[in-house]
Structure formats: structure tokens, C-alpha cells
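One-letter residues, chain by chain:
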Amino acid sequence: MEGPYIRIEETGDVIPLAEAVTTVGRGSAVDIRLADPSVSRLHAEIVRHGPYAYVADLGLSRNGTRVNGRLVARRVLEEGDVLSFGAARCRVGGIPREDISAEVELRRSASPELTRRELDVLTSLCRPALSDEAFVAPATAREIAADLVVTEAAVKQHLLRLYQKFRIPEGQNRRVRLANEVIALGLVRPLPAGRAGGSTAAVRHGRPRRASGPAPVTGVVPPPRRTARPARPARRLPRRGSAQRHRPPGRLTHGPPGRSPTPGAGPGRPRGG
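Residues numbered from 1 in each chain as written. Predicted model: local features only at pLDDT ≥ 70, side-chain atom pairs only at ≥ 80, totals over all residues. Heavy atoms only, no water.

**Regarding the side chain of Asp36**
1) Next: Inspection of the secondary structure assignment puts Asp36 in the loop between β4 (32-33) and β5 (44-49).
2) Next: Of the side chains with opposite charge, Arg26 lies nearest to the buried Asp36, which makes no salt bridge, at 7.0 Å.
3) Next: Setting aside chain neighbours within four positions, we find Asp36 in contact with Arg26, Ala87 and Ala88. (Helix = DSSP H or I, 4+ residues; strand = E, 2+ residues; numbered from the N terminus. Buried < 20%, exposed > 50% of the residue type's maximum accessible area, 1.4 Å probe, protein only. Lys, Arg positive; Asp, Glu negative; His and termini not counted. Salt bridge = Lys/Arg side-chain N within 4 Å of Asp/Glu carboxyl O. Contact = heavy atoms within 4.5 Å.)

So, in C-alpha cells, the structure goes:
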């Protein structure tokens, strides 16, 4: 058979690859239909460019796609490669051999799109593992929540979405596997010593590096701090009768009944002599 083809090991059927895209899955409308229950309805695509072809997992199945036993997101195929879609196995043929390295897995381009909030969660998750100490586990959900000033329930929701985006299957040490995958993809790495004032991780996802630790989660605004106003000096009000106490000496405006005013108090009165 001329051109690339796929041989299904269970049935022995040989199916030539289409000129552009060949779909693989369990659905009735795919090009290569596999009856194994571990295969999703639309599992993967095999894209052909002339004599070359590569497989791309669509991320719609829990079991993923493997090439020669290794879980991949996208990979160039070589003659004799064994493709595993879930538990179903196929073999690639009809691809010309060339004297070049066959390790062309596009791991960096296979990293999923992440939001700013998810990047903050990953940075906080991997910070302990990127420290200088050995055998340090990633941060727990409670520690991430305290670091980002959010609730622990919100962090767990973000972690569930990240497990799905990075296709981390359920089981023990799920946080450890997620942190290892993120570090292997180069999304989070240590900062050089002496930078960031103690922060140990930086995020690389097509965005500028942040020298300091992760910023608070978008939407959580700390309340403004109230500053104490300086106390105003108390205003002293004059007491009743105080005006009479502070009148200048030598003049009386009113005298007690029966007594004459002080000499010099009234105009036109002669002084006694």
C-alpha cells in the first residue's frame, strides 16, 4: 500500500490515512472506528502532510493517546510506531525512513491555555518544590488559599480544572503529579538567587515575569486602611459672668443697690473731698 496507513492490531484491518485529517474514535462518524470502551467517541486526529503524519490527542478522553507507550499530546509519527488510543492498539506504516532524530514531540506547544488565576495557583503550588530543600512536597490547598488570600474551596475548584487541562488521572499524589508536569513543561521555574525578595518561582506562559510573589487573585480587593485623624483642640467657651470678671478696674457699670458707685464710675459726679 502506498502512503501512510494504520493497522488495527485487534482486527488486522489496514486503513490508509486521508490526505488531510483522519479522525479516530468510537463514534459512528469517525474515519477509524475502534470498538474498545476505553476509546472516546472522538478520541484523536492523525494529520498528514505529504509523506509525513502526526497524531494529536483531542483531550476528550480520560485515557489519552500514547505513542510507543508514552502519553503524548502531539507527536510526529515514524515507521513502526505503536499508537494506543485507550486500550486499543494500532501500528503505523508506509512512512519513509529518514536519518534524523525521531524525538520531535511538541511538549511546549501542547501546554493548555491558562487564565491568570490558574497561573497564580500553579505558582503557589510549585513554590515549595522549587526551593533549595530536598524532598519537599507541593503546597496544599489550604496553603495556596492562604498565599492567594482566597477560600480553600475556590482553590480546590481551580485544581480540579487544572487536573483536567493537564490530563492528570485520578489517584494518589495528584498534586505532586500536576506539579511535576507543570515544571517539566517549563511553565513554572525557579528565579535566579537574589531576585524577587525571597520569591522562588516565576511563571512562563507568554507573559512578563513577575519579580515578586503571586499577586492577589483578580477580583479580591483588600479594604482601604483607615488612618486616624489628628484630634482637634477643644474650644473653650466663656462662662457666665466671666465678662464682668475681666472688666478693667476703676469703672463700675452697675453697683449694688443702696451703695454709691465707685468714684470715677459715673460721669459728672464730683469726687468727695
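Once you've had a look at it, read on.
**Some thoughts on the sheet that holds strand β9 (residues 74-76)**
1) Next: Within the open sheet, the five strands sit side by side as β4-β3-β5-β6-β9. Their pairing is mixed. For this open sheet the edge positions go to β4 and β9, each flanked by a neighbour on one side alone.
2) Next: As paired strands, strand β3 (residues 21-25) and β4 are joined by two bridges and run parallel to one another. Across the sheet, Gly25 pairs through a bridge with Arg33, a residue of β4. (Pairing = 2+ DSSP bridges.)

**Some thoughts on the side chain of Thr22**
1) Next: Tracing the backbone shows Thr22 in strand β3.
2) Next: Looking at Thr22, its side chain comes within polar contact range of the main-chain nitrogen of Ala18, at 2.8 Å.
3) Next: Residues contacting Thr22, with those up to four places away along its chain left out, are Leu17, Asp31, Ile32, Ala44, Glu45 and Ile46. (Polar contact = N/O pair within 3.5 Å; in protein donor to acceptor, adjacent residues only side chain to side chain.)

**Comments concerning the confidence of the model for the protein**
1) Next: Summary statistics for the protein give a mean pLDDT of 74 and a share of 62% for residues scoring 70 or more.
2) Next: Model confidence for the protein, summarised as mean pLDDT per element, is weakest for strand β13 (residues 202-203) at 48 and strongest for β3 at 94.
3) Next: pLDDT under 50 marks residues 104-109. Its contacts with residues more than four places away, or in other chains, come to 15 contacts.
4) Next: Within the model, the stretch residues 191-200 combines pLDDT values under 50 with 18 contacts to residues more than four positions away or in other chains. (pLDDT = per-residue confidence, 0-100.)

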